[in-house]
Each structure stands twice: as structure tokens, then as C-alpha cells.
Amino acid sequence: MNVDRTTIASIALTVLLVTSALPSGIAGVVGTARADHDGSPVYTITQPGTSVCYEVNPYTASHPKMVPEVELREVEPYDGPGEPADVYGDFENPDWNGFESIESQMDYRYRNDTDPRPGEENVSMRGQIREYAPYLNDQFRWEPWEYGTYGKYNWSADGESHLFFYENPNGEVSLVVRHDRLYEETAISSHNPYNGIHGPGDGFFEPSPGGGTADWTFENLPSGEWAYIDDMYPRENIDDVYTDGSGTRYGHRNLAEKSDEFAPLRAFDGGYFDIHWQWGPGGTDGGAYRGFHNLAEGESVTIDAEFTGDIERWAVRNNVGHDDMDGEMLDLRMGEPVVIERGANCLDARVEADPGTVEAGQSVTFTADDSAEEYRWDFDGDGETDDTTPRAQVSHTYESAGNQQAAVTMVADGQTVTASTTVEVRAGEPPTADFTVEDDAGDSEYHVVGETITFDGSASSDNVALADSYEWRIDGTPETGQRVSRAFGSPGTYEVTLTVADRSGKTANVTKTVRIVAGDDPTARAAASPAEVEAGAPITLNGSASSDERGSVETYEWSAPGGDVTDADQNTPGASVTFPSPGEYRVNLTVTDNNGNTGTDGVAVTVTNASDPAIENYTVPSEVSAGETFDVSANATDNSDRALTYAWTFRQGGDADRREGANATYAFDGIGDATVQLVVEDAAGRTAATERIPVEVTDAPSARLSVPNRTRTGKTVTLDASNSTDSIGEIVEYRWDFDGNGTIDATTTANATVTHEYGSSGTYEPVVTVVDDDGNADEASARIEVESERKAATGGGGGGGGGSTSLGPPPVVTETERTGPNAFAIDVRNARGDEAVKADLPASAVADETGVRFRAIAVDLRSDDTHVVFESSASADPPEGAPALDSAGRTLAYLDLGASALDTGVENATVEFAVRRSALGALTSGDDVAVYRNATEWERLDARVVEATDDTYRIAATTDELGTLAVGANRPSRSPTPDWSAKSWRPVTT
């Protein structure tokens, strides 16, 4: 390379090979990632006399690294270091025709020079000529480039020479060479991608000190051409020299037209070629020879290479797959010739020992790759050759114990490769003989005449390994094999001897005595359930109680004269039988054991006359509301004790639904006529049925009433009918009968709740009648116990002026204290049984998470209590000791409510809380909120909406005990389960 220039760039030597077709039978391609070289040739690179042997894959045009520079040089802004493309800039090639030859990947460029041809147009020639750089547009060809190879800049390194193969889309393979690394610092915008102006992500911006020479001789280059070579500029005093075997010197085509001393480089087409490359600090050299696709099997190219200067590494780059941008760099030995062959021809550096563990005195067979010409064996790892063979396999016997490192050096075509393996040699010891005895039933204690007995020698062992040699003598008869079998025809005692051998020929034996006893019959046990049925009903048969003292029961065979036996599998003890006619029958069982012995048993059964079941009574309402869930029930009898099946059919408007069970529930959707029918079936398949029972489905409302279980005289109680529904219309009136005497005591319209004070103790059954906008009505009742009010004590007469004064009860004092982020204590002094203890609850920290804020509690005590502390704790998860609520569609929050120092019981407790509408998700009503209390299990409480705003529902729920409460979002069914005890409906009873 000419170094007379402003800036010299440094580029590593690269060899690029391009090819297309992979000959059949080639294997062993280096690389594990997804390959882009399927169908491409493999080239073997060796350095004779060394262990270097590489099977190298070319880079193809489809590899993501092989994007032509003209495509990478896009018009787009630069975003900083680390961009995936190699080069960015503002100059695209408008003449790009799309063919991805090696020149589109890499090319040679140079600085201002003088064209030696005459003519004014040739006075100054900048950068490059079109023939040598068809992928550069005119502007780029006239740029003052550095004297060097451009392209794949990040594959070059200072002080390194490397090569690789490239295959273009036509299947032509090029060998590309690059020495050192270019230093590009020309300060014009078109050079920005190369000179590092953009920053550390781009360009040959790093100074490359040093320089040097490379003298290469190529022998037997296949037919082809130098696609480019560095240097190749039109000057006579070029410092790089290229000659062929005849001494012809090659140069730039323009120079060859001017001077007879040079031939154009394009004239060379294979054979011997000698190159003297020379570059200065920051410079580079290299080239690409296109033609290695013409290298035939059995042909080779030899490269003799000498370096001076700063080149310290010589390597070849291997394509290991489509997903690896840089491949692997395989080191070559400086100063040693390189031979290139087509195909995967490296020796496989491996050797195997069989067996890998032996006893002293036992032979080992070693096997290596069979591709070598000579094998030098070192059996003890001392570095000395113990045997030399032309074959890949040899045997050796070790006489003493210990681990031996065996190695083989394989030689082929001047190449050597060494492989080794370890052989474990153990001391020579005889084996241990042993065997087990089993019969067909797996019984090792008893062996019966006629049964098959198996003798298993797998319990034998050796310190290395047994040979496949098991020799038996069973009652004097020889047998071979690890497992053998024998059946003995008569009782007696028999000797069995096993002899085993290990791989070194040592033997051992063992003798055992086998006692054969006379066969015994199995015991059959038959059972039938039930023992008495009506004709046609199935009887379950069971023979599982059968047994065999010296064997195993294998089959169960049932027979029943006069009956039909169903036996799906005779290997199992179960079956069934039916008899079509009444009478006394016997069912027989025959069992067979593993020796063919049999036993029998029978069981008697009674079959009575078949009769239909009888429906004794049923209950079906004659009138229900549309959407209202109602109950049906029935009772039937049969002359057997087998279970009956109940099937209910609900019909309306051509639709029919089925429910099963003596008790069932259902709801009709529409109003009008409907029917209910019951069919009862017994075990024999006989049935009884009702007529279709008519049911009138009306648009009447469905009333519901809830009240506290207990209260005191003079105390206000709430009667709540808010759970009443009307699926067709709207409830417009609530008529209240507080004592259940038939007289309406109050009427409300918009409000579904009412309060009342009972003046005297007793048991009351209040009734509410709900009326809808069509005038339809329904009523519901409830039950409440009213106890007498407890009166406060009065004081006696005083001294002095005499007279008396009523002291009255002391005042109730309530203090609320926060005991944690979600916990509170309510300290109550002088609590009275006739006055509810009320307290507001501060906001809890967990309210934002759950959407539920517990606002207040009111507790009614059974009697006065001088001091009690109520404790509450809100949470999103169940309190310790309480199970999770699984009754609601989604659980929102929990409240643990307890008391300490409580001297009396609690009548009831009312908890008021607010639920954010957003916490209910898709649910749209406060009625979708359900409240539960945990006793032995979760029980749903009566709850009512006391206020609704745009954001929240305020809800109150009452419980008759303290404990854990849970609030859930629970979409209700179309109608709640009716409380038939409070419903005025007319059942049909038969």
C-alpha cells in the first residue's frame, strides 16, 4: 500500500469466500446457532504438522451481517452510539441494482491521484473508477478516500490479520483477506460514517499505530478473479506487488493500458499468485478472490504467509449461524502454511474405551476416528508411544489396579490430533452369586405343585461387572439366563444352583433348597345385597371375601339359574343379577386360583312379585308469582327397601324443565298457566306418576318480612319488608299489622320499613301485606318475643325533713379509643338493659382498599352492666380463626366484633356501614350487598339500605350475637328463596 497521504487507516486482513451448493454427504459443520448456510459448501482449513483443523462455513448474502453498505447508508438522522446498522450517512447510491456481490460488501478506495492516460479528462482522478467500484455513485467515486479497504469496519482490529468466506446470490464464493485496521479522519460529511464524527458507535476513528508487510503466496487458486485488491490505484510507483507464476506483474487497468510492465488484474484467472502487501501506520491492506466455488473435492489451495510489523494474530472467521452477527474467530499459527480444501475433512478428536471400568487382567478395546492414516497409542499416559497401528481400533490388557489415562495421536495428511480417555482398573475379585425365588402369586414362602416358579439371578454382583453368563442347575437340569422358570409336578424338596462369571472369567455359585407342597383349593365366599328384591330389581354380588391360603384368586365366575348375570370383568369379584319372576333362587360363585384350583359357594335370594311404587302425598302450590322460587315435595313408598327416584317436570308455554329429588325448588318465568308432574321409579324400573298438576303463575308481588327475634316493651323495633319483590310490576303500598290480629295498624308507600314499640310482653306475629301497581297483593309474617322492661331501683326516705327522692340510674358514659390502624375499643360505663349502647367508629386505614367503611354500632344488652368494653377490628382478609367467606360472589371486608368484661348477654347488635358504589363493580344496587355472621358456619343476616347517594350506599345489619361479620357483593337471583311459613299460598296436597 502507498502511505504517501494525509491519513492512513488500519484494517485487519479478511478472507471472504462465496459459494452456493453443498455437495451431498458433507457433515460436521461448525456452529450451533440457526444456520444461514444450509446448502452452502464447507471448507476445511488445516496447517500441516500442527493440530489446527477447522471446518469453516461461508457467510451468505442472506446473513444479517451481510447487508451491502449502499443499503446501510440511508438518509436518516443519527440517534447516537449503539445503533444496529454498521454505517449511517446522507448519501445513498442511486445506481444500486441490487446484486449482492463481494464488492457490495467491501471494496478498495484511494485518495486523489493522477490518471496516467492522456487527455484533459484524465488529468485528475479522485477516489476510484467505475469499473472497480460499481456500487459507488459518481459523488462517492470522486471523494478523497483513504488508501484502504472499506466495509465491515467493526470486523477489523489493530494488529490482526483475518480471513473469511462469502457466498453471493449466484453461488460464487470469495475468499476475503484484511490486514490491520484503517484510521479514517477525513473531515467531510460523506466520510462521517467512517471517521467517527458521529461518536464511538461508528467509523474507523481509533488510531491504529504500527504498520507492516504481508507476503503471501497462493498455490493452485481455482479458476476465478480478484474482485478487488488493496492497493489498486493508477500509479506506477505503487508499493504493493502482485505477480503470477510466470513473473507477470499486475496493476490497475488504467496503468496497464499505459505501461507494458503491468497486466490488468482482471487478466488473472487462477493458479499461482504472489502478493507483497505494505502499509504504514493507520493503514490497511487486503483483497477478495472470487472463485472458491470452483474448488473441487480433492483439490486444495495452499497459502504461505509471512508478516512483519505489528501483526500479532492470524485467524479465520467461521459463520456459526444466522443469529450470531460476528461468528467465531479461529486462531491460525503464524509462520505455518494454510491448506484450504472443500468439504468437512477434520479428524474427530475422540477415543472410546470399552469397557471403561475393568478388573486387572481384563482386556480393553480402544476405538478412535477411522479417518486417520496412522494411530499412535499411549496406554498408560506417560507420553510414550506403546503401539502404532494403521487401524482405528486396538486392544490392551492392564495387569494392575489404578486409573489409567490412555491417549491416541491420529495422523492424516500431515495433520495430527490427540484424544484421550480414562480407564478405571480395579483389583481382580470373584463375583457374588445370589438369586430370589417367586411363584405366580408373588409368594416367596409357599410353592405349590403345578405353579410356575421363577428364579431370578439379578441379585448377583461383581466389583466391576458380571458377564452375561448365568448357569443354573434345577433339580439336576441345566438352564441359562438371568431369569428362568420351572413348574414342579410333585411335592418335595429340590436343589437349585446358580453359577455366575465376571468379565475377567472369575466365577461364583450359590445353592438354595426349594420346598414344593401339595396344592390347595381356594375358598369361595359369595354375598348378595339385598337378599330380597322384587322381580326385575338388580342384586349386587360380591366375592371379595374369597381367599387362597397358598396362592391367589385369579377369576370369579357367577351363575344364577333363572336369572340374568351381568359380569363385565371376571378378574374382579363384583357382578350383578336380576330375576324376571318371583321365587327362591340361588346364585353360585366359582373362584379359580393361580394354580388352576377352584372353589365354589352360593347364596340364596328371594324375589317377590313386582309392584308399582305408590305416591303417598305431594305438595305443590296452586298459585305462585312469576319469577318466585317455590318448593315442591313428595313422599312415596315401595314394597322393597331400595331407594326410589323422584323426577319433577315443570312445564309452561311449551318449555319443560326437570328437577330430581323428593324435595325440589323452581321458578316460572312468565305469567299464565303452568303444570307440575312427578314420576317416581323403583329399583325394578316400575313407575308411578301424578297427573299434570295445574299451577297459576300470576304477576302478584312476593312479600318478605324480617324483624329482630327478641325485644323489650317500650323499645323501638324495626319491621323490614325491603326484600319483597315484584317481577312484573312495582310495589306501591305496605300494610302493617303489628300484632297479627288481622287489623291494619299502619300503611306506608315509598318506605319498606316501619318502627313500632310493643307495650306489653308476649309473642307477636306481625304481618305485612304488599300491594303492587296492578292491585295484586301478597303477605308475609314473622315472629318476635317481647319481654318486660326492667325498671331502675328507687331510693328510700331521707332523714331530717323526711319524704323520699327517686335517685334514678347513673348516666351512661361511652369513650371510643383507636387501638390500631383498623382497630377500636369502646369503653362503656353504667350500660343499661333498656337503652342501646351506641358509638360512632372512626375511619379505618383499610377502608380505602375494601371500599367499605364501618361507621357505627348499637348494642342492646340483656341487663345492666357497670363496665364493658366492646372491641372492633376491620380487615380485608378473614380475622385469625375465622374461615374465608365463600357464600358471596365477592367478599369486600370483615369486621371482628367482641367484648371484654361483659357481665350479661347481648340481645342484638346493629352495625351501620357505607359501601362505595365503585367497590360493587358491575352490580348496580345496594340490594346486591349481603352481610354474614360466622357462628359454626357463615349465616346471612337481614340487611337494609338506609340511605343511597351518588357515591355510596349506607346499610344497616342486625345480629343477635357478637362475632365476625363479613360484607359481600352478591348479585341476587331473580327472586329470593321464599319463606313459606310467612306466605299466604294455597298448596295442593294429596
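Here the structure is shown first, and the text comes after it.
Residues numbered from 1 in each chain as written. Predicted model: local features only at pLDDT ≥ 70, side-chain atom pairs only at ≥ 80, totals over all residues. Heavy atoms only, no water.

1. Concerning the pattern of salt bridges
The full count for this structure, using the stated rule, is 30 salt bridges. Put simply, arginine 313 and glutamate 160 hold a salt bridge, and the shortest N to O gap is 3.1 Å. You can see arginine 313 sitting in strand β16 (residues 313-318) and its partner glutamate 160 sitting in strand β6 (residues 160-167), a full 153 residues away along the chain. Measuring nitrogen to oxygen at the nearest pair gives 3.1 Å for the salt bridge that ties glutamate 424 to arginine 426. A relative accessible area of 29% means that arginine 426 is categorised as partly exposed. (Salt bridge = Lys/Arg side-chain N within 4 Å of Asp/Glu carboxyl O. Helix = DSSP H or I, 4+ residues; strand = E, 2+ residues; numbered from the N terminus. Buried < 20%, exposed > 50% of the residue type's maximum accessible area, 1.4 Å probe, protein only.)

2. A look at the state of the cysteines
Applying the stated criterion across every chain, the model contains 1 disulfide. Across the disulfide from cysteine 53 sits cysteine 346; the S-S distance is 2.0 Å. One disulfide, between cysteine 53 and cysteine 346, carries an S-S torsion of -105° and so falls in the left-handed class. Here cysteine 53 is found in strand β2 (residues 53-56), whereas its partner cysteine 346 is found in the loop between β18 (338-342) and β19 (351-354), with 293 residues between them in sequence. Relative accessible area serves as the criterion here: at 15%, cysteine 53 is assigned to the buried category. Given the relative accessible area of 16%, cysteine 346 is considered buried. (Disulfide = S-S within 2.5 Å.)

3. Notes on a negative patch on the surface
On the surface, a cluster of negative charge is contributed by Asp380, Asp382, Glu384 and Asp386. Along the polypeptide, aspartate 382 turns up in the loop between β22 (374-378) and β23 (387-389). (Patch = residues over 30% accessible without salt bridge, like charges linked within 9 Å, V, L, I, M, F, W, Y side chains within 5 Å. Areas by Shrake-Rupley, 256 points an atom, 1.4 Å probe, with all protein chains shown as cover. Lys, Arg positive; Asp, Glu negative; His and termini not counted. Charge placed at Lys NZ, Arg CZ, Asp CG, Glu CD.)

4. Focus on the environment of proline 883
Considering the arrangement of structural elements, one finds proline 883 in the loop between β65 (865-875) and β66 (890-900). Taking C-alpha positions, proline 883 is 8.5 Å from glutamate 937, a pair spaced 54 residues apart along the chain. In contact with proline 883, not counting residues within four places along its chain, are Pro878, Asn934 and Trp938. (Contact = heavy atoms within 4.5 Å.)

5. Looking at the sheet that holds strand β35 (residues 527-529)
Across the sheet, which stays open at both edges, the 4 strands sit in the order β35-β37-β40-β39 with antiparallel pairing between neighbours. The open sheet has two edge strands with one neighbour each: β35 and β39 (564-566). Neighbour-to-neighbour, the strand axes of the sheet open up by a mean angle of 30°, direction not taken into account. Pairing analysis gives 3 bridges linking β35 to strand β37 (residues 539-542), with the strands arranged antiparallel. By the bridge assignment for β37, alanine 527 is matched with asparagine 542. (Pairing = 2+ DSSP bridges. Axes fitted to C-alpha atoms, helices over the stretch in contact; angles between N-to-C directions.)

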